[in-house]
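# Commentary on secondary and tertiary structure
The chain contents come next:
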Amino acid sequence: MSVLEKLSSKDAIALEEKFGAHNYHPLPVVLSRGEGVFVWDVEKRKYYDFLSAYSAVNQGHCHPKIVGAMIQQAQTLTLTSRAFYNNMLGRFEKLAAETFGYNKLLPMNTGAEAVETALKICRKWAYEKKGLPENQAQIIVCENNFHGRTTTIISFSNDPVARKNYGPFTEGFIKIEYNNLKALEEVLENNKNIAGFLVEPIQGEAGVYVPSEDYLAKAKELCKKHNILFIADEVQTGIARTGKLLATCGNCSCPDRHCSGTPEVKPDILILGKALSGGAYPVSGVLANDEIMEVIKPGSHGSTFGGNPVAAAVGIAALEVVKEEGLAENAYILGELFREELNKFIPNCNIVKSVRGKGLLNAILINDTEDSSTAWNICLALRDNGLLAKPTHGNIIRFAPPLVMTKEQLLECVGIIIKTLRMFEK
Ligand SMILES: *Cc1c(COP(=O)(O)O)cnc(C)c1O
């Protein structure tokens with residue numbers, strides 16, 4: 001079959017069903033084009049994208065600057081491996097380090113790889129700097145976390161579907177309740193061999209669960225007191241998504257007034273992925289200062305594609321777009337507007353219980369049981385009304401459009417969402 005041959009949505013879905021592993025359950029819509037906040041299906045129907053590939057497409061679909069950088073680099077040099085230097089990687093490392101306020105970047109490709117990298121750095125630091133006995137290091141993680149799908153990462157997940165029949169699992173993790181400082185303090189006080197605390201500033205996959213205002217700052221304080229590393233997984237929350245450059249607001253570039261009242265929490269290790277490339281290419285990375293990153297020595301960690309010239313060119317363009325177009329500020333303003341508009345509707349309806357989130361990472365809680373199909377059916381109806389979103393946990397729908405959206409577009413989308421929700425009023 002030629003790639004130029006026209007395929008109907010039905011045919012495309014049938015092909016995936018027959019020849020692809022069934023590791024996803026996609027909403028039935030087959031996309032073939034994207035531009036800015038919009039995507040089109042193969043029948044040329046136009047949709048607002050309210051998922052942004054799980055916040056990878058913060059800069060909008062096919063951003064011309066990012067795509068331009070990618071094409072230019074792809075025609076020049078794509079891959080050298082790290083056996084040799086290339087003329088793009090250092091520039092990307094410098095921009096990432098300066099943008100987020102760290103000494104060094106370790107580039108990888110996917111979010112899960114970056115999380116793995118952070119865990120490895122944390123363990124190595126614990127043995128070589130903190131002096132923990134060999135093979136005894138424990139890393140504290142949170143219940144209902146999502147950090148990716150590798151064997152080690154699912155070892156500390158509590159999603160039964162993600163874990164079932166994938167054992168034996170990696171040891172060395174202690175799970176505590178999210179947003180519970182007492183639980184963190186208790187583990188820290190009762191264990192000698194803790195190396196770090198890995199946390200999402202907002203739990204995205206769990207259903208956009210926003211912790212209390214002082215949680216991250218207090219957690220960081222506890223980590224510092226007990227000499228363990230505070231590791232923030234900002235793969236989904238980072239790069240302007242939550243109305244700030246980072247949800248932890250480390251070295252934040254957004255206008256001060258938005259940050260006042262939110263304590264700045266600088267992670268010892270920062271994990272980025274997804275929007276680090278604007279969705280054009282898999283680019284992820286881990287940032288840390290020298291006293292931590294220096295435990296990584298030649299041969300001790302690596303990736304054939306990590307830090308390749310295309311990734312570097314794309315990463316530079318993606319970060320420049322975030323700054324040039326003021327995406328953090330736009331996400332902040334539109335996020336406030338989104339929740340304000342939905343909060344006008346919610347008290348007068350019985351289908352939505354609440355809306356929550358920060359910036360343009362939001363979710364609504366559907367008034368039905370977690371095992372009901374209501375949220376899925378709402379997403380099908382949203383699709384029919386020209387807007388794409390996906391349930392996270394049964395009865396929660398996440399709304400995360402590209403950050404290049406305008407106010408007029410956002411209000412139109414709120415209209416579509418409310419109109420659709422009204423169809424499900426009981
Ligand atoms: C998506 C995600 C990951 C995993 O990223 P992949 O690129 O899918 O491996 C890790 N952590 C968080 C918080 C994520 O949202």
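Let me sum up the structure you'll find in this document. Every chain is numbered on its own, with residues counted from 1 as its sequence reads. Local features in this predicted model are restricted to residues of pLDDT 70 or higher, and side-chain atom pairs are both shown and tallied only at a pLDDT of 80 or more, whereas totals for entire chains, interfaces and linings draw on every residue. To get the side-chain values, all heavy atoms of the structure are used, and hydrogens and water are removed first.

### A word on the overall build of the protein chain
Helix and strand counts for the protein chain come out as 15 helices and 15 strands. Two things to know: the radius of gyration comes from C-alpha atoms, and the globule rule equals 2.2 Å times the number of residues to the power 0.38. Since a compact globule built from 426 residues should have a radius of gyration of about 22 Å, the 22 Å found for the protein chain is in line with a globular shape. A principal-axis box enclosing the C-alpha atoms of the protein chain has dimensions of 60 × 55 × 50 Å. Residue burial in the protein chain is summarised as follows: out of 426 residues, 54% are buried. Any pair of residues with heavy atoms lying within 4.5 Å of one another is described as a contacting pair. Sequence separation of 24 or more characterises 72% of the internal contacts of the protein chain that already satisfy a separation of 6 or more. For the protein chain, the separation between the mean place of its 46 positive charges and that of its 48 negative charges on side chains is 1 Å. The way it works is that DSSP assigns letters per residue, a run of H or I at least four long becomes a helix, a run of E at least two long becomes a strand, and they are numbered from the N terminus. Throughout this description, buried means an accessible area under 20% of the type-specific maximum (1.4 Å probe, protein chains only), exposed means over 50%, and partly exposed covers the range between. Charge counting treats Lys and Arg as positive and Asp and Glu as negative, with His and both chain ends excluded. Where a charge lies is defined by one atom per residue type: Lys uses NZ, Arg uses CZ, Asp uses CG and Glu uses CD.

### Here we look at the side chain of asparagine 58
Along the chain, asparagine 58 falls in the loop between α2 (52-55) and α3 (64-74). Given the relative accessible area of 0%, asparagine 58 is considered buried. Any N or O atom pair separated by 3.5 Å or less is treated as a polar contact, with the protein-specific requirement of one donor-capable and one acceptor-capable atom, and with residues adjacent in sequence counted only for side-chain atom pairs. Within the structure, the side chain of asparagine 58 is placed 2.8 Å from the side chain of arginine 241, a separation counted as a polar contact. Not counting the four nearest positions on each side in its chain, asparagine 58 is found in contact with Gly238, Ile239, Arg241, Ala275, Leu327, Pro402, Leu403 and Val404.

### Some words on the environment of valine 199
Relative to the assigned elements, valine 199 resides in strand β7 (residues 194-199). Since its relative accessible area comes to 1%, valine 199 is described here as buried. With sequence-adjacent residues up to four places away left out, valine 199 is seen in contact with Cys142, His147, Tyr178, Tyr215, Leu216, Phe230, Ile231, Ala232 and Asp233.

### Considering the sheet that holds strand β14 (residues 390-391)
In short, DSSP must find at least two bridges between two strands for them to pair. Strand order in the open sheet made by the 4 strands is β11-β12-β15-β14, with antiparallel pairing throughout. Two strands in the sheet have a free side with no partner beyond their single neighbour: β11 (352-358) and β14. Bridging between strand β12 (residues 361-366) and strand β15 (residues 396-399) involves 4 bridges; their strand directions are antiparallel. Considered in β15, the bridge of leucine 365 is made with isoleucine 396.

### Describing the site of the ligand
Close to the ligand lie Thr110, Gly111, Ala112, Phe146, His147, Gly148, Glu200, Asp233, Val235, Gln236 and Lys274, which account for all nearby residues. Measuring from an oxygen atom of the ligand, one finds a backbone N or O atom of glycine 111 at 2.8 Å. Lysine 274 has a polar side-chain atom sitting 2.7 Å from an oxygen atom of the ligand. Contact with the protein chains removes 81% of the 380 Å² of surface that the ligand exposes when unbound. Broken down by class, the residue content of the shell around the ligand amounts to 3 nonpolar, 5 polar and 3 charged. Whether a residue is near a molecule or strand depends on its heavy atoms: if one lies within 4 Å, it is near. Here, Shrake-Rupley sampling with a 1.4 Å probe gives the accessible areas, and only protein chains in the shown set may cover a residue. In this classification, the charged set is Asp, Glu, Lys and Arg, the nonpolar set is Ala, Val, Leu, Ile, Met, Phe, Trp, Tyr, Cys and Pro, and all remaining amino acids, among them Gly, are polar.

### Points about the pairing of strand β1 (residues 31-35)
Taken together, the 4 bridges between β1 and strand β2 (residues 38-41) define a ladder with antiparallel strand orientation. Bridging from a neighbouring strand, glycine 34 pairs with valine 39 of β2. From the end of β1 to the start of β2, which pair antiparallel, there are 2 residues, and glycine 36 there has a positive phi angle of about 60°.

### Brief notes about the pairing of strand β8 (residues 229-233)
Side chains on a regular strand alternate between the two faces of the sheet. The buried fraction of β8 amounts to 5 of the 5 residues, a majority that puts the element mostly inside the structure. Of the two faces of β8, both are covered, the one formed by Leu229, Ile231 and Asp233 as well as the one formed by Phe230 and Ala232. With 4 bridges joining them, β7 and β8 adopt parallel strand pairing. Paired with phenylalanine 197 across the strands is phenylalanine 230, a residue of β8. Viewed with both strands pointing away, a crossover whose connecting path from the first strand over the helix to the second turns clockwise is right-handed. Running through helix α9 (residues 215-225), the crossover from β7 to the neighbouring parallel element β8 is right-handed. Examined bridge by bridge, β8 and strand β9 (residues 269-272) share 3 bridges and lie parallel to one another. Bridging from a neighbouring strand, isoleucine 231 pairs with isoleucine 269 of β9.

### Considerations on the nonpolar core
Here the nonpolar core consists of buried residues drawn from Ala, Val, Leu, Ile, Met, Phe, Trp, Tyr and Cys, with membership extended through side-chain atoms lying within 4.5 Å. With 73 residues, the main nonpolar core has Phe50, Phe100, Leu387 and Phe399 as its most contacted residues. With 11 residues, the top contributor of residues to this core is helix α12 (residues 309-324). For each domain, the first and last residues come from an automatic or database assignment. Here this core spans two domains, since at least three of its residues come from each of domain 1 (9-59 + 327-422) and domain 2 (65-324). Phenylalanine 50 has contacts with Phe338, Leu387, Leu388, Ala389, Arg398, Phe399, Ala400, Pro401, Met405, Leu410, Cys413 and Ile417, leaving out every residue within four places of it along the chain. Core analysis: the next-biggest nonpolar cluster, separate from the first, contains 30 residues, Val115, Leu132, Ile153 and Leu198 among them.

### Section: the pattern of salt bridges
By convention in these notes, a salt bridge is any Lys or Arg side-chain nitrogen within 4 Å of a carboxyl oxygen on Asp or Glu. With the rule as written, the count across this model stands at 16 salt bridges. Here arginine 398 and glutamate 205 are joined by a salt bridge, their closest N and O atoms 2.8 Å apart. With arginine 398 in strand β15 and glutamate 205 in the loop between β7 and α9, this pair connects stretches of sequence that are 193 residues apart. Glutamate 205 sits in the buried class, given a relative accessible area of 17%. Close ionic contact of glutamate 213 with lysine 358 constitutes a salt bridge, the shortest N to O distance being 4.0 Å.

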